[in-house]
Amino acid sequence: MDQPIEGFSRLSKEEKIQWIAQRYTRHPRQTEALLQQYWNPDAHLQQLHDEFIENTLSNFYLPLGVAPNFLINDRLYAIPMAIEESSVVAAASKAAKFWLERGGFRARVLGTEKIGQVHFLFHGKAADLQEFIDHIGPVLRKDTAGITRNMEQRGGGIRDIALRDKTEAMPGYFQLHCTFETLDAMGANFINSCLEQLAATLVREAKAYPAFQGMEPPVEVLMSILSNYVPGCLVRAEVSCPLEALPAECGLTGEEFARRLVQAVAIADCEPYRAVTHNKGIMNGIDAVVIATGNDFRAVEAGVHAFAARSGSYRSLTRARIEDGQFHFWMDVPLALGTVGGITSLHPLVRFSLELLGDPGAPELMQVVAVAGLAQNFAALRSLVTVGIQKGHMKMHLLNILNQLGATEAEKTALIDHFKNDTVSHSAVVETLNALRSQAL
Ligand SMILES: CC(C)(COP(=O)([O-])OP(=O)([O-])OC[C@H]1O[C@@H](n2cnc3c(N)ncnc32)[C@H](O)[C@@H]1OP(=O)([O-])[O-])[C@@H](O)C(=O)NCCC(=O)NCCSC(=O)C[C@@](C)(O)CC(=O)[O-]
Ligand SMILES: NC(=O)C1=CN([C@@H]2O[C@H](COP(=O)(O)OP(=O)(O)OC[C@H]3O[C@@H](n4cnc5c(N)ncnc54)[C@H](O)[C@@H]3O)[C@@H](O)[C@H]2O)C=CC1
C-alpha cells in the first residue's frame, strides 16, 4: 500500500524533487532534470523565488507580455500582462489602439474602503451586547494603536468598528464589522493583525463586564479575517465616442455596430451562462495585470465575481448605452490592490512591471487594471458581434498548434502566410502542414 511521507517539508529541495520524481513519475531522472532545467542560474535569485512559497521544487514560467498605447486619463501606458492564453495581449493592444484614436480611457477611483470581520458567538440580549461594544469602543482603539500607528501617520487605519447582528442567519452569531483604509497596501496582513487584536480585547473585556457575569464564556470568537468582498473599494473605467467614430465593420454602420455591442452587454446582463464568459473575458485583462504586478489574483477574482452577483443574480460587469449620438461603455469593479507589501518589492519582474507603469500608488494601479479589463471586454465583444471570436483568437493560437506539431521555422512562416486570410482550425493546420511536408519529400 502506498505510504505517506513524514517530514517532507524538512527535506532539502533536491531531496524533495528526488522523492516526488521517484514516487510519482515514470522517468525519475528525466523529471529531476526537467525541474532543475527551470531553475534560475543565479542561485541567489533562485533562492528568493524558492522562499516565496513552501516546498518549492522549481519555477513555473508564465509569459509576461505588454500591451502598448493605452491612453488613460490623458497619460500613455504600456501595460504588463502575465498570462498563458493566446490572443489576450493582442486583443488588449488592439483595443488600446482603437480607443487611442478616440480620446482614450477615463478612469477614477470611487472608494478605497477595505473590510474585515471578527465573527463571534454571544447568547445574551443583542441590546446588552450593543451597550457593551459601545462601552469598550475606546479600549478597542487603544489596544490596536500599536498596529495602526504607522498606517494612521500615512492617513489610513481603522475607519469604523460596528456590531452586526446575524442571529437570523445563525443563532448567537454576531460580527464586529470593521472598515479600513490601507492606502498603497492591499492590506490583508495589516487588517488581519488588527482584527486578531480586536478579538482578544473583545474576549478580555467581556469576561470582566458586570452585565455578562455568569455567562461562560460571554463571548466565543470563531474567526478574525479580512473580507475579499470589497464593494467600497471601487474603480470606474469608461470610454465613449460619437457613433460615427465607430468602425463600419462587416458591412455594419457605426450605429449598427454600437447597437450590437449594447445588445451583447444586455444579454450578458440577463443571461448568467453568457455573463460568466463575458466576465471571464474581462478577467483575462484584469488577472494578467494583477499577476504581473505581484498582486493576489485569487482575492481579486473572488471579490469581483461576488460583486457581479450583488443583485442576487450573476450579471455583466460592464455597461453600455447609446445616448445623444454617443456610444458609452463602462465598468465599475472592486479591486483591492497593493503597490507595496506582499512580493511587490521582492520579485524583480514585479518591480519591472510597476516601473513600466510609472511606479503607481494603489489607486492609480486600480485604474490601470480596470481599464485593462474594460479593453479586453471591448475587444472580445467587437469580434463576437462581427467576425466571431475564432478568426482572431485562432490566428493568435496558430503558433501554439504549429509548436504542438513540431513545425520548423520555415514551416511556421509558410503556414502563417497561408492562414492570413483563412480561419485557423487545428484540422486545417494539420492538413496544410502535411501537404507542405509531402511536397518537400
Ligand atoms: C486577436 C486580434 C487582436 C487580431 O486582430 P487583427 O485585426 O487580425 O489584428 P491586426 O493584424 O489587424 O492588428 C491590429 C492590432 O491588433 C494587435 N495585434 C494583432 N496581432 C498581434 C500580435 N500577433 N501581437 C501583438 N499584437 C497584435 C496590435 O495592436 C495590432 O496593431 P499593430 O501592433 O499592428 O499596430 C483580434 O481578432 C481580437 O482582438 N480578437 C479578440 C480576441 C480575444 O478576445 N481574445 C481573448 C481570449 S478569448 C476569451 O477567452 C474571451 C471571450 C471571447 O470568451 C470573452 C467573451 O466571451 O466575451
Ligand atoms: N484573503 C486574502 O486576500 C489574504 C491575502 N494575503 C496576502 O497578503 C498580502 C498583502 O498583505 P499586505 O498587508 O498588503 O502586505 P504586507 O503586510 O506585506 O505589507 C503592507 C505593509 O506595508 C507597509 N507600508 C509601507 N508603505 C505603505 C503605504 N504607502 N501604504 C500602505 N502600507 C505601507 C505597512 O506597514 C503595511 O502594513 C498579499 O500577498 C496577499 O496574498 C494574506 C492573507 C489573506
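Going by the structure above, here's the rest.
Notes on the structure in this doc start here. Since we're looking at a predicted model, the values are computed, not measured.

1. Observations concerning the pattern of salt bridges
Part 1: Within the structure shown, the criterion is met by 17 salt bridges.
Part 2: Note that Glu101 is salt-bridged to Arg102, the shortest N-O span being 3.6 Å.
Part 3: Note that Arg236 and Asp332 form a salt bridge whose closest N and O atoms lie 2.5 Å from each other. Of this pair, Arg236 sits in strand S8 (residues 234-242) while Asp332 sits in strand S10 (residues 326-334), and the two are 96 residues apart along the sequence.
Part 4: When salt bridges with common partners are traced through the structure, they connect Lys142, Asp143, Arg204 and Glu205 into a single cluster.

2. What to know about the packing of helix H1 (residues 13-24) against helix H2 (residues 28-37)
Part 1: Relative orientation of the contacting elements H1 and H2 amounts to 140°, with a least axis distance of 8 Å. Considering their axes alone, H1 and H2 lie oblique with respect to each other. The handedness of the crossing between H1 and H2 comes out as right-handed. In this structure, H1 contributes Ile17, Gln18, Ala21 and Gln22 to the contact, and H2 contributes Pro28, Thr31, Glu32 and Leu35.
Part 2: For the contact of H1 with H2, a count of residues per class yields four nonpolar, three polar and one charged.

3. Quick word on a nonpolar patch on the surface
Part 1: Nonpolar side chains collect at one region of the surface, where Leu64, Val66, Leu349, Phe352 and Leu356 lie side by side and expose about 390 Å² of accessible area between them.
Part 2: Of all the secondary structure elements, the ones that give two or more residues to the nonpolar patch are strand S1 (64-72) and helix H10 (348-356).
Part 3: At three residues, the largest contribution of residues to the nonpolar patch is made by H10.
Part 4: Taking relative accessible area as the criterion, Val66 reaches 40% and is therefore assigned partly exposed.

About the thresholds
Residues numbered from 1 in each chain as written. Chains lettered and ligands numbered in written order. Predicted model: local features only at pLDDT ≥ 70, side-chain atom pairs only at ≥ 80, totals over all residues. Heavy atoms only, no water. Salt bridge = Lys/Arg side-chain N within 4 Å of Asp/Glu carboxyl O. Helix = DSSP H or I, 4+ residues; strand = E, 2+ residues; numbered from the N terminus. Axes fitted to C-alpha atoms, helices over the stretch in contact; angles between N-to-C directions. Parallel < 35°, antiparallel > 145°, perpendicular 65-115°, else oblique. Left-handed = near helix turned anticlockwise from the far one by under 90°. Contact = heavy atoms within 4.5 Å. Nonpolar A, V, L, I, M, F, W, Y, C, P; charged D, E, K, R; others polar. Patch = residues over 30% accessible without salt bridge, like charges linked within 9 Å, V, L, I, M, F, W, Y side chains within 5 Å. Areas by Shrake-Rupley, 256 points an atom, 1.4 Å probe, with all protein chains shown as cover. Buried < 20%, exposed > 50% of the residue type's maximum accessible area, 1.4 Å probe, protein only.

All quantities given are derived from atomic positions and should not be read as evidence of function.
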